[in-house]
Amino acid sequence: MCSPEEVALLRLEEVFSATLARVNSLVLQPLLEAAPEPSDPWGRECLQQLHRSSQQLRKVTKESLHSLQERLRHPDSKGLESLLLLHSADCVLQVHLEYIEAYTSCVVVQAFQKAANRRSEYWRGQRKALRQLLAGMSSEGSVGTALVQALGQLLTHHVQQYVLLLLSLGDTVGEHHRTRELVVHAATIFVNLQSFMRQELDQAMATQALWHTLSSRLRDVLCTRTRRLLQDSQDMPMVVTPLRAERVLLFDDALVLLQGHNVHTFDLKLVWVEPGQDGCVFHLLTPEEDFSFCSKDPQGRVVWQWKVTQAVCQALRGKKDFPVLGAGLEPSEPPTSRCGAYTFRAEGRFCQATYEGEWYWGRPHGKGTLKWPDGQNHVGDFCQGLEHGAGSWDGHVLREAGPAIGDPPQVQHQRGVQGLLPGGPAAWIWGPRERPTGPSALQVHGPLGEGPEEWLWRRGGQRQGPGILLSEDDSLYEGTFTRDLTLVGKGKVTFPNGFTLEGSFGSGAGRGLHTQGVLDTAALPPDPSSTCKRQLGLGVFPMESRWQGVYGPFWDFVRAGCPGDLQEALLGFHVQSSRELRKSQEHLCCERTHPEDHVGRMEDILEELLQHREPKALQQYLRKALSNSLHPLGKLLQTLMLTFQATYAGIGANKHLQGLAQEEVKQHAQELWAAYRGLLQVALQRKGQALEEDEDAETRDLQVHRLVLPLMLPSFYSELFTLYLLLHEREDSLYSQGIANLSLFPDTKLLEFLDVQKSLRSIDTARVEGMNTLSPPTPGPLCLKAPVALQGPHTDEQSEIFPRQRQVLPVSHRVSAEDDPSCCSTTVDPREKLEVLERTYGEIEATVSRVLGQEHKLPMDDLLPLLIYVVSRAQIQHLGAEIHLIRDMMDSTHTGGRYDFLLTALESCYEHIQKEDMGLHRLPSRWNSRELW
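Now for a quick tour of the structure. (Residues numbered from 1 in each chain as written. Predicted model: local features only at pLDDT ≥ 70, side-chain atom pairs only at ≥ 80, totals over all residues. Heavy atoms only, no water.)

1. Structural notes on the overall build of the protein
Then, in step 1: Within the protein one finds 28 helices and 24 strands.
Then, in step 2: Within the span of the protein, comprising 933 residues, buried residues form 49% of the whole.
Then, in step 3: Taking contacts inside the protein between residues at least 6 apart in sequence as the whole, the part at least 24 apart equals 63%.
Then, in step 4: For the protein, the computed accessible surface area is about 43,400 Å², with 51% contributed by carbon and sulfur atoms. (Helix = DSSP H or I, 4+ residues; strand = E, 2+ residues; numbered from the N terminus. Buried < 20%, exposed > 50% of the residue type's maximum accessible area, 1.4 Å probe, protein only. Contact = heavy atoms within 4.5 Å. Areas by Shrake-Rupley, 256 points an atom, 1.4 Å probe, with all protein chains shown as cover.)

Below, the structure is given as structure tokens:
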């Protein structure tokens, strides 16, 4: 049986289809028949596009109507999934988007007004019929203006009815009904379409108004039917230097600077926005010019910088963001490396030349082609704006890599340098061949024993020859140096601001370091976040080759069949059987240890291993084995833990090693699983059996993340988390300041500030059971802590997202006989943390449902302000470090899934809290409004 909502949809489609037919015959066709004016190049084209899209919209509406009629005639054989609005919602959306694009283009170029003026007598005769057709048409004012309003309201009302009926239809479909997902998807699409329509119409009206403020010459230069105005400096003042622009216009495809009679237009695809600006100024880079944009206050700077950034992203994607600007599925930060074409205008060797190829921060960089009007060209590699390396010049192949051909335009930024450089301590050394000896060998980072001849060690290691030094101010030296770290010979220094100094280095008695070379100041300053977070060693040490001095003896023992005579050598102490152990302790009055804490002969170990192969029993066995240093697996874990501490604790706690450390921890988990499999194979061989076929990579990764990683991670957590704290110190500091600012708000004001719905702010009894802290506390079960009221007096009772993090992490919590190991694994296991995060989302939604008195699924626009409220009141410390550690250690099978989505939402909260001016952007304009579940 069909629902009343389906009958209402059928009536809606009947009326809309008929209305579209009359609009075409009564409005659009007469508009097209009006002879176009020579001064109106866009009007007729826009009206033709609107006519075509209107016909397409009518066609889809009739198909939707037909599917509804068939459903009503045959409700038993035609299910809900047969409705076009449900099974082809994306196609229906696309037709609506094309119609909106055509309609707003007509608005921008005033096609309705101009065409209506050319047939004024016709419109006077049809005014009564038009008012009957278009209920929103005003009886006053011009016909063109009335058509703009009426045609816009026609589609707006129709989409609004779609939303109401689809939402109502969703309420009639059960939670587990097979069509539930289709109904929710269709409703979400049309909810988003409402937001898109409002934005598109606002931009079209603003663009139309702009053309009236410009001269006819500027209109002819700038006006196109597809261009939309996003920001005008007359609405929010902005000063541009060094070019003193009188007016700044940001369109969806270009940035325009007006200076007297001059128009400077910059393609957004080749505009770079420097990130992380503070105060009232931000910087833009273009292929030939760099600009500083200065606003009257920080609020203006944030709005302009955000809009330019999002417009660049949208231009690079080649399509509008849906449902609103900045809400696309792609990352909200544009890539620094891009492809594009540009013709140079400034005087110089490149003047009038066109470059097409790869760009990086406003400079040709990578593969490309440079062509001059006279036919000369260079095809090949470019580096920082210059021809570089192998390529072809007018068809002649250049075989030697070297400097650019001709006089480089940056020569004016380079100068010979001879003088003293301040000597700075090198924090880390990276280089080939020579292994350090003596006391510094204890500080080596790399394979112990045999391994690749690539080493990383701390300051103090004895070294001579070529290598890389990373100073504590993030300067980088590539070249040769002596054992006491004196720079000598040829080398290159890259300073944090991007300047480079390349030449010959040396030292004289009492003169410190001196050099003779070339200082290049033309390079763009690097991204500060990437510079300070530079990671050493990644991709150089093969993961499987590290720490062979630890793994080697274990695998020698396994390959030998785990003989008892080698067991003592492996474990480092005498091994007794259980019987021998009990006999030797019979005379003791008090036992200080328990027999089960000791491991017996290898035969006993292997026998016990075979008895615990089922998943639940295996987890218990691995927990016991890894927590006991008298077991081969436990001994291996203990050795790895001590090596890890010696490498990354103390002076080794350097943010530039975080990548190496987290890679090692994950590799250790895989190696421990492989070690267990090796012991299992020996145990089976002794029984005359064979191990099942080798695991595939997916199965192995699943076992590693679910079984091994939670059990071994506590042994490395303290040192590992310290590295994350150091690497994300700046962001966490901004986040802490944001939390401090938000804590000044009473609950009611904070909820209002975050744009939480009034219906949720007004209920005193509404509460969110909340999220426990991310990092491991003192041992204890994972549980929900004190609740936070959504509205009510400010209180010290605050929820926690995973058990509260310690201020200082001097040592990690180790698994021992006195502690419950499950508590440790629970508090550091990424999956356990994600499960608590999931429960928090459920609590937020359940609380909202209680407040409203009915089940309510929160759209993202409503959920995120509530989540920010909970996070801010929980006052979680170092949330950035926690989020990054969880993501790095998260099971790869969760990527793109539910947990990934939840963690991304938490990241959005974290990033938003970092911003000092949170109130500048309404939350719905920043996030997709698709529903959470």
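Let us keep going from here.
2. Looking at the sheet that holds strand E2 (residues 238-241)
Then, in step 1: Strand order in the open sheet formed by four strands is E2-E8-E7-E6, with antiparallel pairing between adjacent strands. In the strand order of this sheet, the two ends are held by E2 and strand E6 (272-273), each with one partner.
Then, in step 2: Lying over the sheet, helix H10 (residues 298-317) contacts E2, E6, strand E7 (281-285) and strand E8 (290-295), oriented at roughly 25° with respect to E7. (Pairing = 2+ DSSP bridges. Axes fitted to C-alpha atoms, helices over the stretch in contact; angles between N-to-C directions.)

3. Remarks on the packing of aromatic side chains
Then, in step 1: For the structure on display, the rule yields 21 aromatic pairs.
Then, in step 2: Arranged with centres 6.1 Å apart and planes meeting at 45°, the rings of tyrosine 103 and phenylalanine 112 form a pair that is tilted.
Then, in step 3: Its relative accessible area of 7% is what places tyrosine 103 among the buried residues.
Then, in step 4: On the basis of an interplanar angle of 70° and a centroid distance of 5.3 Å, the ring pair of phenylalanine 266 and phenylalanine 291 is categorised as edge-to-face. Remark: phenylalanine 291 occurs in strand E8 and phenylalanine 266 occurs in strand E5 (residues 262-267); sequence separation between them is 25 residues.
Then, in step 5: By relative accessible area, phenylalanine 266 is classed as buried at 6%. (Phe/Tyr/Trp six-rings, centres within 6.5 Å; stacked < 30°, edge-to-face > 60°.)

4. Brief notes about the pairing of strand E10 (residues 354-360)
Then, in step 1: Note: strand E9 (residues 337-343) against E10, seven bridges, orientation antiparallel. For arginine 338, the partnering residue across the bridge sits in E10 and is tryptophan 359.
Then, in step 2: In terms of strand pairing, E10 meets strand E11 (residues 363-371) through six bridges, oriented antiparallel. In the sheet register, threonine 354 faces E11, and the bridge partner there is lysine 371.

5. Some points on empty space enclosed by the protein
Then, in step 1: Inspection of every chain in the model, using the stated rule, returns four cavities of 30 Å³ or more.
Then, in step 2: Reported here for the largest cavity is a volume of approximately 80 Å³.
Then, in step 3: Elements with a contribution of two residues or more to the lining of the largest cavity: helix H19 (697-712) and helix H25 (830-852).
Then, in step 4: A class-by-class count of the residues in the lining of the largest cavity yields five nonpolar, two polar and four charged. (1 Å grid on protein atoms, 1.4 Å probe; cavity = no way out; pocket = protein on both sides within 12 Å on 5 of 7 lines; lining within 4 Å. Points joined across faces, edges and corners; volume = space filled by probe spheres on them. Nonpolar A, V, L, I, M, F, W, Y, C, P; charged D, E, K, R; others polar.)

6. Examining the packing of helix H26 (residues 860-874) against helix H28 (residues 898-914)
Then, in step 1: Between H26 and H28, whose axes approach to 10 Å, the crossing angle comes to 65°. In the crossing of H26 with H28, the sense of the turn from one axis to the other is right-handed. Packed against H26, whose contacting residues are Met860, Leu864, Leu867, Ile868 and Val871, the element H28 presents Phe901, Ala905, Leu906, Cys909, His912 and Ile913 at the interface.
Then, in step 2: Of the residues that constitute the contact of H26 with H28, the class distribution is ten nonpolar, one polar and no charged. (Left-handed = near helix turned anticlockwise from the far one by under 90°.)

7. What about the nonpolar core?
Then, in step 1: One finds Val27, Phe112, Trp123, Phe190 and Leu193 to be the most contacted residues of the largest nonpolar core, which totals 76 residues.
Then, in step 2: The residues touching phenylalanine 112, leaving out its near neighbours within four places in the chain, are Leu31, Leu47, Leu50, Tyr103, Cys106, Val107, Gly144, Leu147, Val148 and Leu151.
Then, in step 3: Judged by nonpolar contacts, the second largest core, of 58 residues, contains Tyr551, Tyr648, Val665 and Leu723. (Core = buried A, V, L, I, M, F, W, Y, C linked by side-chain atoms within 4.5 Å.)

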